[in-house]
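# Architecture at a glance
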Amino acid sequence: MSSDLAAFVRGLPKAELHLHLEGTLEPELKFRLARRNGIELPERTVDEVRQTYDFHDLTSFLQVYYPAMRVLQRAPDFHDLAYEYLLRAHAQGVRHVEMFFDPQAHTGRGVSFDTVIGGYRSAIVRAQREVGISAELILCFLRDHSAEYAMATLLEALPYRGWIIGVGLDSDERGNPPSKFAAVFERARHEGFQLTMHCDIDQQNSLEHIRQALEDIAVDRIDHGTNIVEDERLVEFAKSRGIAFTCCPVSNSFVTAQMKSAEITGLLERGVTVTVNSDDPAYFGAYAAENYTALADQAGLDSGQLAELARNSFRASWITPARRERYLAEIDEYVDRHRADRAT
Ligand code: HPA
Ligand code: ZN
């Protein structure tokens, strides 16, 4: 990657659409929160924490990811997590974020829904006021728990619906197909939420899960989902419906053997709305800009293709059409300016 292209990526206006707030817990903040809450951690140093990041698949990642959350206890803890992430994203040219949170990972250990969402919301308001980044929350249900528990969580969220733009589905996909949550997503749609859902990479029954998400649940977006390339009919279906895919190249390289760059760029070339995102940046060591540059390095993308990925991020976002047009025009101006600078 030339330093010129890396600088181009950092300045490129973009939206982040696949970001787990709990996946932005950097080891330094983990220690700070542990100290603040009087929690003893098994690791003594940042390096020791990073040594536990030895992932080879989704399950081994989740086994490290969920236990780490116990340092999050009070509203200011959730605030600090989201606020620090939003400042970092802003510094990388991210203008808008639609970010996942896992309320059940907290309510399940006795932290109230209000504490979680209150902390996150205060960070969103503060970051918007201070640096101008906009952010929305997507409530994710844990798919390795019951559909009844997910439905109860949805009902618990209804008083906060003005602070939540959509619902999603994450955690361990094995044996937990989209169909298990059909009634929950139906109710969420009825309540006015946008719908998205993880279809993780190279899972058992990946294609059938993607089919269920697209045809039976009728989601608006799919998180990951690049196994769709194995089924021509489904690719055409997704394309005709304008379904977007929130891809996470660096995350893919941790939980599978590859970034899946051929799948991502193949879909981009076919005109499917694929986007580039960071998933759990504190764990995978790559925020939005580093995901664009990693993919560009791997797949040999040029500035034109990177700009198209950034345009897709706004096309796939759940902002108003007027705002979308403004961001798209900003990208065009940015690309023109970059071209003019290079010509002089
Ligand atoms: N897949 C499933 N669950 C997750 C992920 C993911 O990519 N990130 C955080 N929780
Ligand atoms: Zn994810």
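Numbering of residues begins from 1 in every chain and follows the order in which that chain's sequence is written. Chain letters and ligand numbers both follow the written order, the letters beginning at A and the numbers at 1. Under the rules for a predicted model, residues below a pLDDT of 70 receive no local features and side-chain atom pairs below 80 are neither given nor counted, while totals for whole chains, interfaces and linings still include all residues. To obtain the side-chain values, all non-hydrogen atoms of the structure were included, while hydrogens and water were left out.

### Section: the coordination of the zinc ion (ligand 2)
His 18 (NE2), His 20 (NE2), His 198 (NE2) and Asp 279 (OD) make up the full set of protein donors to the zinc ion (ligand 2), lying at 2.1 to 2.2 Å. Along the chain, the residues that donate to the zinc ion (ligand 2) are spaced as H-x1-H-x177-H-x80-D. Here Asp 279 lies in the loop between strand S9 (273-276) and helix H14 (281-284) and His 20 lies in the loop between strand S1 (14-16) and helix H2 (27-36), a separation of 259 residues in the sequence. In terms of burial, His 20 and Asp 279 fall into one category: buried. A 2.8 Å cut-off from the metal defines N, O and S donors, relaxed to 3.2 Å for Na, K and Ca; water is not in the atom list, so some sites may appear incomplete. The numbering of helices and of strands both runs from the N terminus, where a helix is a DSSP run of H or I of at least 4 residues and a strand a run of E of at least 2. Think of it in three bands: with a 1.4 Å probe and only protein chains considered, a residue is buried below 20% of the maximum accessible area for its type, exposed above 50%, and partly exposed in between.

### A closer look at the environment of Gly 285
In this structure, Gly 285 sits in the loop between H14 and helix H15 (288-299). Take Gly 285: its relative accessible area is 63%, and that puts it in the exposed class. As for Gly 285 and Gly 118, which are separated by 167 residues in sequence, their C-alpha atoms are 27 Å apart.

### A few points about the site of ligand 1
Note on definitions. A residue lies near a molecule or strand when any single heavy atom of the residue is within 4 Å of it. Surrounding ligand 1, one finds His 20, Leu 58, Phe 61, Leu 62, Tyr 65, Asp 170, Ser 171, His 198, Asp 200, His 224, Asp 279 and Asp 280. Between ligand 1 and Ser 171, the relevant distance is 2.9 Å, taken from a nitrogen atom to a main-chain nitrogen or oxygen of the residue. Between N or O atoms, a polar contact is any pair within 3.5 Å; within protein, one atom must be a potential hydrogen donor and the other a potential acceptor, and residues adjacent in sequence are included only when both atoms are from side chains. Within the contact set of ligand 1, an oxygen atom lies 2.9 Å away from a side-chain nitrogen or oxygen of Asp 279. Accessibility throughout is a Shrake-Rupley quantity obtained with a 1.4 Å probe, and a residue counts as covered only by protein chains that appear here. Considering ligand 1 on its own, with 260 Å² of exposed area, one finds that the protein chains cover 99% of that surface. Both cavities and pockets are sets of points on a 1 Å grid over the protein atoms alone; in a cavity a 1.4 Å probe fits but cannot get out, in a pocket the set is open with protein on both sides within 12 Å along at least five of seven lines, and lining residues sit with an atom within 4 Å of a point. Whether a molecule lies in a cavity or pocket depends on its atoms, and more than half of them have to be within 2 Å of the grid points. When atom positions are compared with the pocket grids, ligand 1 is found to occupy the largest cavity. Here the shell around ligand 1 gets four residues from one element, more than from any other, and that element is helix H4 (residues 58-68). Three classes are used, and their members are as follows: Ala, Val, Leu, Ile, Met, Phe, Trp, Tyr, Cys and Pro are nonpolar, Asp, Glu, Lys and Arg are charged, and the others, Gly among them, are polar. Looking at the shell around ligand 1, its residues break down into four nonpolar, four polar and four charged.

These figures come from the coordinates and say nothing about function on their own.
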